[in-house]
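Spelled out, the chains give:
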Amino acid sequence: MKPSQNDKSGARSDLGERALAFLAQHRLSASPINYWVAHDYIRGNDPSLCEALNSVIGSSSAIDDFVVREIYEQHVAGEALRRFHGMGEGIEKLLGSLLGDVLSASRNTSGLQASLTENLGRLDEVRDSSGLRAIAQNLAQAALAANESNAALKKSLEATEQETRLLRGELDKHRREAMVDPLTGLLNRRGMLIEAAKLFDSSDGPPALLVMDIDHFKRINDTYGHAVGDIVIQKVAEAMLAIAPDQAMTARFGGEEFVMLVPNASIDRAQQLAEKVRTSIERLRLVRRHDKLEIAPFTISVGVALRQREESIEPLFDRADKALYRAKHNGRNCVVASS
Ligand SMILES: Nc1nc2c(ncn2[C@@H]2O[C@H](COP(=O)(O)OP(=O)(O)OP(=O)(O)O)[C@@H](O)[C@H]2O)c(=O)[nH]1
C-alpha cells in the first residue's frame, strides 16, 4: 500500500485508521514508533521517509519493528532534534543580544550620573543657586535610581543567561545521546556521520572504513529469540571496541551492521584490523545463562575501503558496502577490500 496509490483510491477513512490498517497489513505491532512512521507514510508529506519505506516494501526482506525503528531514527527523530537544537541556539542568541542592550543602557545611565555629579560641583560656584541645586540633586537622585533599577535588570538577565546556558547544556546532552546507540553504547549512524565529517575536515592521512555485518543474523534471531540476538549484537560491539585503535570511531550503523573509521590508515593495515575483528568474533562462545544452552558460533563479513582524495563519507561507505557485499557473496566470514 503505497501512499500515492492510497491517496488516489479516494478512500476517505481518516489517516489514523489507515495507519493502523498499514500496521496490520505488515504484521507490525501498534507501538508508538511504528504508528508514527505509518502515519507519516500514509500522509506522504516526507518523500525521503516514503522512499525508505517503499524500498523495504519493494525488497524481499520483511518489514519488522527494527526496520521501522531505523526509519524513525533517520527520518523522524533526527529532524526533530535538528529543529530542537536550532531552537536552543535561537534563544541563546536572542538573550545574548538582549543582555548587550541592557549593559549598554546601564553604561549610559552611569555616564549620565557622572556628568550630573560633575555639574553639581560646578553649581557650588554659582550664587543664588539654592533652587537650581535642589533641582540638580533631584536629577542626580533620579539618575541613581535609574541606575539601580538597570543594575537589577542586568542581574536578572545574567541569571536568565545562566539558565539558558544550563538549558543549552541539557540540549547538548540530548544531542550527544541522540548520537549513541543505546544497545551497544557505540555511535549510531547519525553520530558516525557527524564525527566522520569532522575527521574528514581535519585528518592528515586517509582514513579507512570497515563495514561489518553479522552473518545469517536472522537465523540467530529465529533460533534463539531476539533477546539472544541483542546479546550477540552487544558481544560483536565489545569485540570491535577491544580491537579498535585509540583514534578509531566505532558505530552500529543499524540492525546487525557496524562500521569502524580508522584515521591515518593504509589499506593493508585496515585489512589486518578487519581480519583481527573477524577472527576474534569467530572465536566467541556464548552460553545462555538460564538453561546453559550453547549458542552456535557466529561470524561476520567485512568490507574495507580507504578514503580517496576528497572523497566524502557516502561514496566511501558505498565502496566499503560493495566490498562487504562481495564478502557475503564469497561465502561470508571473510574480509574483502575495495579495489
Ligand atoms: N535482535 C535484534 N535483531 C535485529 C535488530 N535489528 C535488526 N534485527 C534483525 O536482523 C535481521 C537481519 O537480517 P538480514 O539483513 O536479512 O540478514 P541475514 O540474511 O540474516 O544475514 P546476511 O545475509 O548474512 O547479511 C532481521 O531479521 C532483523 O529483524 C536488533 O536490534 N536486535
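Refer to the structure above for everything that follows.
Residues numbered from 1 in each chain as written. Predicted model: local features only at pLDDT ≥ 70, side-chain atom pairs only at ≥ 80, totals over all residues.

A.B. asks: How do you make sense of unusual backbone geometry when you look at a structure like this?
C.D. replies: Phi is positive for His216, which is not a glycine, with a value near 45°. One can find His216 in the loop between β1 (208–214) and α8 (217–224). Look at His216 and you get partly exposed, because 16 C-beta atoms sit within 10 Å. Positive phi outside glycine occurs at Arg332, with the angle close to 70°. (Helix = DSSP H or I, 4+ residues; strand = E, 2+ residues; numbered from the N terminus. Buried ≥ 20, exposed ≤ 12 C-beta atoms within 10 Å, placed from the backbone.)

A.B. asks: Just to check I follow, could you spell out the site of the ligand for this structure?
C.D. replies: If you check the shell around the ligand, you find 18 residues, and the closest are Phe66, Lys218, His226, Gly229 and Gly255. A breakdown of the residues in the shell around the ligand according to their chemical character gives three nonpolar, six polar and nine charged. (Near = placed C-beta within 6 Å. Nonpolar A, V, L, I, M, F, W, Y, C, P; charged D, E, K, R; others polar.)

A.B. asks: Help me out: how do you make sense of the pairing of β1 in this one?
C.D. replies: Two faces belong to every sheet, and in a regular strand the side chains alternate between them. With seven of its seven residues buried, β1 lies for the most part within the structure. Neither face of β1 is exposed, since Ala208, Leu210, Met212 and Ile214 on one face and Leu209, Val211 and Asp213 on the opposite face are all buried. Relative to strand β3 (residues 257–262), β1 runs antiparallel, the two being bridged by six bridges. Residue pairing across strands places Leu209 opposite Leu261, the latter belonging to β3. As judged from the seven bridges shared by β1 and strand β6 (residues 300–306), these two strands associate in the antiparallel manner. The residue bridging Met212 from the neighbouring strand is Val302, located in β6. (Pairing = 2+ DSSP bridges.)

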